[in-house]
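What follows is the residue order along each chain.
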Amino acid sequence: MERSLYQPSLHSKCKGKCESDATNCCNKRILEYKSDFKEQKSLVQEIIERAGHLCIFLPKFHCELNFIEFFWGRVKKYL
């Protein structure tokens with residue numbers, strides 16, 4: 001396999017969540033720790049930035065940080 005990262009003795013990913021201090025518990029975790037994998041932007045982010053816009057990912061369901069959550073909370077009063 002590419003760069004010999006794949007380890008057939010490991011699962012593709014852990015059942016549930018990986019241990020917080022584990023670095024090689026599954027093949028997914030091994031990839032997550034590689035610098036080129038961490039630096040890869042998502043396709044959505046690349047398309048938005050290519051169009052000249054700023055892409056900011058905000059935490060879900062936090063109206064203090066996300067205007068649409070605040071707005072939707074106000075709209076619900078009238079439904």
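In case you missed it, the structure is sitting above this.
Residues numbered from 1 in each chain as written. Predicted model: local features only at pLDDT ≥ 70, side-chain atom pairs only at ≥ 80, totals over all residues. Heavy atoms only, no water.

**Topic: the overall build of the chain**
Logical step 1: Secondary structure summary: the chain contains four helices and zero strands in total.
Logical step 2: When the elements of the chain are put in sequence order from the N terminus, they spell out α-α-α-α.
Logical step 3: Every one of the 79 residues in the chain was classed for burial, and the buried ones make up 11%.
Logical step 4: Here the chain has roughly 7400 Å² of accessible surface; of this, 58% comes from carbon and sulfur atoms. (Helix = DSSP H or I, 4+ residues; strand = E, 2+ residues; numbered from the N terminus. Buried < 20%, exposed > 50% of the residue type's maximum accessible area, 1.4 Å probe, protein only. Areas by Shrake-Rupley, 256 points an atom, 1.4 Å probe, with all protein chains shown as cover.)

**Thoughts on the side chain of Gln45**
Logical step 1: Checked against the element boundaries, Gln45 lands in helix H3 (residues 43-50).
Logical step 2: Here Gln45 is in contact with Cys55 and Phe57, once residues within four sequence places are set aside. (Contact = heavy atoms within 4.5 Å.)

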